[in-house]
Amino acid sequence: MKSIKKLFGLLLAAAALTFAFVACSDDDDDDDNVVATFVTPEFEDSDGETGKYTITFYDDKTYVVHYDAHEEDDGFTTYWNMTAEKGKYEGAPAKDGDVKTTATSKIDDSAETEAAAVALVEAAAEKGSKSFTFTNKHFPLKDIDASDQKTETKTITDGKVEIDEDKDGNAVYATRK
C-alpha cells in the first residue's frame, strides 16, 4: 500500500537525520532523568503524510526518537505511533551548541517487515476498518551493528535544531521544550 511505502521513507529519513532523540509521551518530561526534550510542529511531507517527532535526551547520555503521524488514502487512515530510533549522544542538549548523536537501534525496515505491514493494512481494510495504527509491535527496534553506527553532529541554536524537510523542501525545526 502507498501509505506503508511512505512510512519507510519517513522513518528512514528520521534515521538518516539521526537527531532522533525522544520520549514516547509528554509525561516523560516529568522524569528526573530527562535532560532536554525537542518537538517538531506537525508538518506534511512530500508524500502527504502529516506527523511530528519528539526527541528526548536522558542523563545517562541516551536519546530516543518518537514518531507520531497519520495519512489518509481513499478514506482509510494509517497512523504511526512508535519509537523510531534510540542511541547515545555527546554534548549538552539543554544548551545551545553542538550535540553528537549515534543511533544504536532503529525500526526494522526489512522487506519482510514491510510485507507484513502491507498485509495488516489490507486485512484491516477488507474487514471494513477505516484505520490502522502501527506501533513498535509491528515495527520493532533492531540493533545497529557497531561497525555500521554513524555519528552526526547537529547544532542547536536559540533552542532549535533542524531535523527534516516539509513537502515544499523547507527546513523543519525541533524546538526545545
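Computed from a predicted structure; not experimentally measured.

With that out of the way, let us pick up the overall build of the chain. In terms of helices and strands, the chain carries 2 helices and 11 strands. Along the chain, helices and strands appear, N-terminal first, in the series α-β-β-β-β-β-β-α-β-β-β-β-β. Out of the 177 residues in the chain, the part that is buried amounts to 44%. When contacts within the chain are restricted to residue pairs at least 6 apart in sequence, long-range pairs at least 24 apart make up 63% of them.

A few words on the pattern of salt bridges. Using the criterion set out here, one finds 3 salt bridges in the structure. Here D96 and R176 are joined by a salt bridge, their closest N and O atoms 3.0 Å apart. With D96 in the loop between β5 (76-91) and β6 (97-107) and R176 in strand β11 (residues 171-176), the pair connects residues that are 80 residues apart, well separated along the chain. A relative accessible area of 41% means that D96 is categorised as partly exposed. By relative accessible area, which is 22% here, R176 ends up partly exposed. Salt-bridge contacts for D109 lead to K106; the nearest nitrogen and oxygen are separated by 3.9 Å. Under the relative-accessibility criterion, K106 is labelled partly exposed at 26%.

Take the packing of aromatic side chains next. Using the criterion set out here, one finds 7 aromatic pairs in the structure. Judged by centre distance (6.0 Å) and plane angle (80°), the ring pair of F38 and F57 falls under edge-to-face. Taken together, the residues F38 in strand β1 (residues 34-39) and F57 in strand β3 (residues 50-58) connect sequence positions 19 residues apart. Connected via pairs of aromatic rings, a cluster forms that spans F38, F57, Y63 and Y89.

What follows deals with the nonpolar core. Membership of the largest hydrophobic core comes to 30 residues, with the highest contact counts inside it found for F38, F57 and F134. For this core, the element with the most residues is β5, which contributes 5 residues.

Looking now at the environment of A103. Inspection of the secondary structure assignment puts A103 in strand β6. Given the relative accessible area of 7%, A103 is considered buried. Separated by 41 residues in sequence, A103 and T62 have C-alpha atoms that sit 9.5 Å apart.

Here the focus is the pairing of strand β4 (residues 62-73). Bridging between β3 and β4 involves 8 bridges; their strand directions are antiparallel. Its bridge partner being in β4, F57 is matched across the sheet by Y63. Between β3 and the antiparallel strand that follows it, β4, lie 3 residues; K61 among them carries a positive phi value of about 70°. Examined bridge by bridge, β4 and β5 share 12 bridges and lie antiparallel to one another. Bridging from a neighbouring strand, V64 pairs with K86 of β5. Between β4 and β5, which pair antiparallel and follow one another directly, the connecting turn spans 2 residues, one of which, D74, has a positive phi of 55°.

The rules behind each value
Residues numbered from 1 in each chain as written. Predicted model: local features only at pLDDT ≥ 70, side-chain atom pairs only at ≥ 80, totals over all residues. Heavy atoms only, no water. Helix = DSSP H or I, 4+ residues; strand = E, 2+ residues; numbered from the N terminus. Buried < 20%, exposed > 50% of the residue type's maximum accessible area, 1.4 Å probe, protein only. Contact = heavy atoms within 4.5 Å. Salt bridge = Lys/Arg side-chain N within 4 Å of Asp/Glu carboxyl O. Phe/Tyr/Trp six-rings, centres within 6.5 Å; stacked < 30°, edge-to-face > 60°. Core = buried A, V, L, I, M, F, W, Y, C linked by side-chain atoms within 4.5 Å. Pairing = 2+ DSSP bridges.

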